[in-house]
Amino acid sequence: MAISVKLDRVLLDRGMSLTELSERVGVTIANLSILKTSKAKAIRFSTLEAICKELDCQPGDLLFYEDDAAD
Amino acid sequence: MRAIGKRSLASILAMGLHFVRIIIWIGFVGLSIAMVMVPFAVGITGWLSGFENLDINGSVDVSGGDYLEIAHMFVTFAVMLFVVNRLLEILKTLRFGSPFVMDNADRFRGVGYALIIGEGAKFVFAFLGLIFDADLEVDIEPITWIAIIAVFVLSEVFREGARMKEEQDLTV
């Protein structure tokens, strides 16, 4: 998929585990794993807002666009 | 009463279809026996007429048309069995899970193709019946073709439903 999520990198920078983030934002670990592995088809603004708030980051820090054709 | 889920109308329908499947298998066994017995029909009738207590009148005339009729019934039963099996698989997802899966779209499509094969076979057997002078009762019903189109439309509805469900499941 052209949009990838760099959640693991931001989590590493903040020294936070996926489980901790899950508890803080109220999203299941399963759903966060879907997000982390870039398998998600869509992300709700409310989820993005909660993650950005807890990780103190911007949406742009989490989402990256890569051209599929370049692969 | 609920339409889908456990102990629902879908469960009753599944029970009915299980019964139909047993009837079809009995039909298959009967046809297989008939297929083997038809060549011996003349001999058996002659042998039975030798018994004093049995009153057997008339003669048995076995022609290629009889085999054609059995073959036609074999194809019809095979199509029925395929359709019933696919419907049972679909009903299983209605009772124990989510109906909107890609497999169900493929199953409906399979049912559509099976019905086309069944209807196509009718034409073939009707034509062969004319050649072999067989007394085949072949009814070409427009409602069946409307049902085939409906099944293909339904297949695409399920495909779209499965796509939407996948998107919903993968929305975080």
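1. A word on the interface of chain A and chain B
Here is step 1 of the chain: With 11 residues of chain A in contact, the opposing surface of chain B contributes seven residues.
Here is step 2 of the chain: Here chain A packs against chain B, burying approximately 760 Å² in sum over the two surfaces, 61% of which is carbon and sulfur.
Here is step 3 of the chain: Looking only at chain A, the three residues that lose the most surface to chain B are A:Lys41, A:Ala42 and A:Arg44, adding up to 59% of its buried area.
Here is step 4 of the chain: Where chain A meets chain B, there are zero salt bridges.
Here is step 5 of the chain: Joining chain A to chain B, the criterion identifies four residue pairs in polar contact (both at pLDDT 80 or more).
Here is step 6 of the chain: Ranked by the residues each element gives to the side of chain A that touches chain B, the list is headed by helix α3 (residues 29-36) of chain A, at three residues.
Here is step 7 of the chain: Here the residues of the side of chain A that touches chain B sort into six nonpolar, two polar and three charged.

2. What about the packing of helix α2 (residues 18-25) of chain A against α3(A)?
Residues and elements named next belong to chain A.
Here is step 1 of the chain: Axis separation between α2 and α3 bottoms out at 9 Å; the angle between their running directions is 115°. For the pair α2 and α3, the crossing hand works out as right-handed. Touching Leu-18, Thr-19, Leu-21 and Ser-22 of α2 are Ile-29, Leu-32, Ser-33 and Lys-36, all from α3.
Here is step 2 of the chain: By residue class, the composition of the contact of α2 with α3 is four nonpolar, three polar and one charged.

3. Some remarks on unusual backbone geometry
Residue and element names in this part refer to chain A.
Here is step 1 of the chain: Although it is not a glycine, Ser-38 sits at a positive phi angle of roughly 60°.
Here is step 2 of the chain: Checked against the element boundaries, Ser-38 lands in the loop between α3 and α4 (45-55).
Here is step 3 of the chain: Non-glycine residue Asp-56 carries a positive phi angle of around 50°.
Here is step 4 of the chain: Residue position: Asp-56 is located in the loop between α4 and α5 (59-62).
Here is step 5 of the chain: Overall, Asp-56 belongs to the exposed group, its relative accessible area being 66%.

4. A look at a nonpolar patch on the surface
Here is step 1 of the chain: Together, B:Val29, B:Ile33, B:Met35, B:Val36, B:Met37 and B:Phe40 make up an exposed nonpolar region whose accessible area comes to about 550 Å².
Here is step 2 of the chain: By the secondary structure assignment, B:Phe40 is in the loop between α1 (9-37) and α2 (41-49).

5. Some thoughts on the packing of aromatic side chains
Here is step 1 of the chain: Across all of its chains, the model carries six aromatic pairs over all chains by this definition.
Here is step 2 of the chain: For the ring pair B:Phe28 and B:Phe74, a centre distance of 5.7 Å and an interplane angle of 40° mean the geometry is tilted. Of this pair, B:Phe28 sits in helix α1 while B:Phe74 sits in helix α3 (residues 64-96), and the two are 46 residues apart along the sequence.
Here is step 3 of the chain: According to the relative accessible area criterion, B:Phe28 is buried, its value standing at 12%.
Here is step 4 of the chain: Accessibility expressed as a relative area gives 22% for B:Phe74, which makes it partly exposed.
Here is step 5 of the chain: Aromatic pair B:Phe100 and B:Phe158: ring centres 5.3 Å apart, planes at 35°, arrangement tilted. Here B:Phe100, found in the loop between α3 and α4 (102-132), pairs with B:Phe158, found in helix α5 (residues 142-169); they are 58 residues apart in sequence, far enough to count as distant.
Here is step 6 of the chain: Each residue in the set B:Trp25, B:Phe28, B:Phe74 and B:Phe77 is aromatic and connected to the rest through ring pairs, giving one cluster.
Here is step 7 of the chain: The side chain of A:Lys6 reaches across the aromatic face of A:Phe64, ending 5.9 Å from its centre.
Here is step 8 of the chain: When the ring centre of B:Phe82 is taken as origin, the NZ or CZ atom of B:Arg86, which lies over that ring, is 4.5 Å away.

6. Some points on the pattern of salt bridges
Residue and element names in this part refer to chain B.
Here is step 1 of the chain: Following the criterion strictly, the structure yields 11 salt bridges over all chains and no others.
Here is step 2 of the chain: Between Glu-156 and Arg-109 there is a salt bridge whose closest N-O contact spans 2.6 Å. In this pair, Glu-156 is assigned in helix α5 and Arg-109 in helix α4, connecting sequence segments 47 residues apart.
Here is step 3 of the chain: A relative accessible area of 28% means that Arg-109 is categorised as partly exposed.
Here is step 4 of the chain: Salt bridges sharing common partners tie together Asp-106, Arg-109, Glu-156 and Arg-159.

7. A word on α4(B)
Here is step 1 of the chain: The end-to-end C-alpha separation of α4(B) is 44 Å, in line with the 45 Å expected for 31 residues at 1.5 Å each.
Here is step 2 of the chain: Looking one or two places after α4(B), you find B:Asp133, whose phi comes out positive at around 55°.

Thresholds, definitions, all that
Residues numbered from 1 in each chain as written. Chains lettered and ligands numbered in written order. Predicted model: local features only at pLDDT ≥ 70, side-chain atom pairs only at ≥ 80, totals over all residues. Heavy atoms only, no water. Contact = heavy atoms within 4.5 Å. Buried area = accessible area lost by both parts, 1.4 Å probe. Salt bridge = Lys/Arg side-chain N within 4 Å of Asp/Glu carboxyl O. Polar contact = N/O pair within 3.5 Å; in protein donor to acceptor, adjacent residues only side chain to side chain. Helix = DSSP H or I, 4+ residues; strand = E, 2+ residues; numbered from the N terminus. Nonpolar A, V, L, I, M, F, W, Y, C, P; charged D, E, K, R; others polar. Axes fitted to C-alpha atoms, helices over the stretch in contact; angles between N-to-C directions. Left-handed = near helix turned anticlockwise from the far one by under 90°. Buried < 20%, exposed > 50% of the residue type's maximum accessible area, 1.4 Å probe, protein only. Patch = residues over 30% accessible without salt bridge, like charges linked within 9 Å, V, L, I, M, F, W, Y side chains within 5 Å. Areas by Shrake-Rupley, 256 points an atom, 1.4 Å probe, with all protein chains shown as cover. Phe/Tyr/Trp six-rings, centres within 6.5 Å; stacked < 30°, edge-to-face > 60°. Lys NZ or Arg CZ within 6 Å of the ring centre and 35° of its normal. Expected span 1.5 Å × (residues − 1).

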